[in-house]
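What follows is the residue order along each chain.
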Amino acid sequence: MLVLLGFAMIAVFMVLIMTKKLTPVLALIIVPTIFGLFAGAGLGIGPMVMDSMKSMTSTAALLMFAIIYFGLMIDVGLFDPLVRFILRKLGNDPAKVVLGTAILAAAVSLDGDGSTTFILTTAAMLPVYLRLKMSPVVLTCVAGLANGTMNILPWGGPTARAATALKLDVNDVFVPMVPSLIAGLIVVLVFSWLLGLQERNRLRSTAPEIWGTDDALKFDGGASDGGSGTGRSGRFGFGTKVSGPKVSGPKVSGPAGGTAAVVSPATGGSAVAVLERTEDLVDDRDSAMADTALDPNRKTLRPKLFWFNLGLTVAVMATLVANVVPLPFVFMVGSAIALLVNFPKVKDQGAQLIAHAPSIVAVVSMVMAAAVLTGVLNGTGMVKAMSEWLVQIIPADMGPFMAIITGVLSIPMTFFMSNDAFYFGVLPVLSETAAHYGVSAADMARASITGQPFHLQSPLVPAILLLVSLAKVDLGDHHKKVLWRTAVISLVMLGVGAATGAIGIG
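Residues numbered from 1 in each chain as written. Predicted model: local features only at pLDDT ≥ 70, side-chain atom pairs only at ≥ 80, totals over all residues. Heavy atoms only, no water.

Enquirer: Lay out the side chain of Thr486 in plain terms, naming residues and giving numbers.
Expert: Position of Thr486 among the secondary structure elements: in helix 24 (residues 475-500). Among the polar contacts listed, one links the side chain of Thr486 to the backbone oxygen of Leu483, at a separation of 2.8 Å. (Helix = DSSP H or I, 4+ residues; strand = E, 2+ residues; numbered from the N terminus. Polar contact = N/O pair within 3.5 Å; in protein donor to acceptor, adjacent residues only side chain to side chain.)

Enquirer: For the environment of Ala499, give the residues involved together with the corresponding values.
Expert: Here Ala499 shows up in helix 24. Counting along the chain gives 320 residues from Ala499 to Pro179, while the straight-line C-alpha distance between them is 10.0 Å.

Enquirer: Explain the environment of Leu312 to me, using residue names and the numbers behind them.
Expert: Its location among the elements puts Leu312 in helix 14 (residues 306-322). Residue Leu312 is classed as buried on the basis of its relative accessible area, which comes to 12%. For the pair Leu312 and Ser335, spaced 23 residues apart in the sequence, the C-alpha separation amounts to 9.9 Å. Apart from residues lying up to four places away in sequence, Leu312 is in contact with Tyr69, Gly334, Ile337 and Ala338. (Buried < 20%, exposed > 50% of the residue type's maximum accessible area, 1.4 Å probe, protein only. Contact = heavy atoms within 4.5 Å.)

Enquirer: Lay out the side chain of Gln457 in plain terms, naming residues and giving numbers.
Expert: Looking at where Gln457 falls in the secondary structure, it is placed in the loop between helix 22 (452-455) and helix 23 (462-470). A distance of 3.0 Å separates the side chain of Gln457 from the backbone oxygen of Pro453, its partner in a polar contact. For Gln457, the residues in contact, after removing those within four places along its chain, are Gly144, Leu145, Phe415, Ile464, His478, His479, Val482, Leu483 and Thr486.

Enquirer: Tell me what's going on with the packing of helix 7 (residues 114-132) against helix 8 (residues 136-150), and back it up with residues and numbers.
Expert: In contact at an axis separation of 10 Å, helix 7 and helix 8 are set at 150° when each is read in the N-to-C sense. Relative to helix 8, the element helix 7 lies roughly antiparallel. The chirality of how helix 7 crosses helix 8 is right-handed. When helix 7 is examined against helix 8, the residues Gly114, Thr117, Phe118, Thr121, Thr122, Met125, Leu126, Tyr129 and Leu130 are found in contact with a partner set consisting of Pro136, Val138, Leu139, Ala143, Gly144 and Asn147. In terms of residue class, the contact of helix 7 with helix 8 is made up of 9 nonpolar, 6 polar and no charged. (Axes fitted to C-alpha atoms, helices over the stretch in contact; angles between N-to-C directions. Parallel < 35°, antiparallel > 145°, perpendicular 65-115°, else oblique. Left-handed = near helix turned anticlockwise from the far one by under 90°. Nonpolar A, V, L, I, M, F, W, Y, C, P; charged D, E, K, R; others polar.)

Enquirer: Could you give me a rundown of the packing of aromatic side chains, with the residues and numbers involved?
Expert: Scanning the entire structure with this criterion turns up 4 aromatic pairs. Summarising the aromatic geometry, the rings of Phe306 and Trp307 are spaced 5.1 Å apart at their centres and angled 80° between planes, so their arrangement reads as edge-to-face. Classification of Phe306 as partly exposed rests on a relative accessible area of 21%. When the ring centre of Phe191 is taken as reference, the NZ or CZ atom of Arg485 above it lies at 5.8 Å. (Phe/Tyr/Trp six-rings, centres within 6.5 Å; stacked < 30°, edge-to-face > 60°. Lys NZ or Arg CZ within 6 Å of the ring centre and 35° of its normal.)

Enquirer: How would you explain the pattern of salt bridges if you had to name every residue and give the values?
Expert: Evaluation of the coordinates by the stated rule reveals 4 salt bridges. One salt bridge in this structure joins Arg202 and Glu199, with 2.9 Å as the shortest N-O distance. Taken as a pair, Arg202 and Glu199 lie in helix 11 (residues 178-206) at a separation of 3 residues, close to a single helical turn. By relative accessible area, Glu199 is classed as buried at 6%. Arg446 is the partner of Asp443 in a salt bridge, and the nearest nitrogen-oxygen pair spans 3.5 Å. Of this pair, Asp443 and Arg446 both sit in helix 21 (residues 441-448), 3 residues apart, which is roughly one turn of the helix. Comparing Asp443 with Arg446, the two get one shared label, buried. (Salt bridge = Lys/Arg side-chain N within 4 Å of Asp/Glu carboxyl O.)

Enquirer: Give me unusual backbone geometry: which residues, what numbers.
Expert: Look at Lys133: it is not a glycine, yet its phi comes out positive at around 60°. Turning to its location among the elements, Lys133 is positioned in the loop between helix 7 and helix 8. Owing to a relative accessible area of 54%, Lys133 belongs among the exposed residues under this scheme. At Lys472, a residue that is not glycine, the phi angle is positive and equals roughly 55°.

Interpretation in functional terms is not warranted from these geometric data alone.
Here it is in structure tokens:
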């Protein structure tokens, strides 16, 4: 009964949030409560949830003050030069922007902390996405893919847990999986490029007058003579490169550093000429930035304090990496200093806190609501019953393939339970069973970490809640775009591990 209730609860929860019948916060509260009562929790469901919530308070504090800090840094203009630099290097081609997002997220993921990765990636790239009118869901998807794949690094957590649970050296678990990691990253880049191409095509169809069509122009960013010596060519949007006579017509500004072009309705498809270089528009005169996170005229800008804010942010990041002070306290102190220096007036400090209140409420409420799901899963014994049932249903003749089976099971199981529950509760049982068929503990440990790309998208992972909150993306929308892609990456990593012998068969 517990097994059926457990799987039914998870299925109902996922359906409700992906079909948008309920918000994630309501689904996290209502669905587990109903199923917990059916499981016989009774009035004991309250203590179950409160015990789970105690472990969430530090996470909620971390996310709350991280949102305040980086929201403040965006408001005062710390990331404006970085965004302009990114636009100059990537241009205004969505395919390149999405690919750049993946590379940035993968690079920052080397620190092993998902929250830091998502904070920095979102702070740097979200203004670019909004400026180009690209979907923020693509940003969260790509960042989630990259960070989830990199999560098997020895200092990331799961690999160390697997090694500890099975009493293995962490290097013995990770090093043979390097080819799988590389293969996973290649798939991430492929997915990112394809998502970028989709965004490019979507923007063409929704705003052809700005972005052009397959038959429209593509400027290279500088003027050059056309075939007749009287035309000019340059970069605008991402259409096809053409040259032709300069004509008159309405001026259209492209988003995020795009160039202004003159568009002509003349017959024969002839059209246009470049007027300005990409970087010339990404300045304080670009009115297209108005009412965005990069509005050059926003009252919160503090250009004279740029170096102070940069130094403070570097100090905060260095303290995070050094891990000498609890992370929530680092952001609490950092936020307090940033508010005091940038906004010395009490009225302005209060206004800044109010400005970021919607994001804070969204993410903190989701973290607290997630405590209901984890509390019911653990308190009613559903997690234990589900894992034991999965072990029992594996046929004896499948024993030699226990490592492969474990890799496949790790995809859904780590999504619906914490890494601690899976690696310390389920993996030892699976490994003990596999030993009877000649499958080593090292093989089991390596297979068990291949589900991490999928795991990182779980609503039980605080970092992903921070990501979707910072990007103002619905969790259901994120899941619809990211889950099948992470499943593919996990299976590719598992397949490469088996092909290279890192994950053996008994």
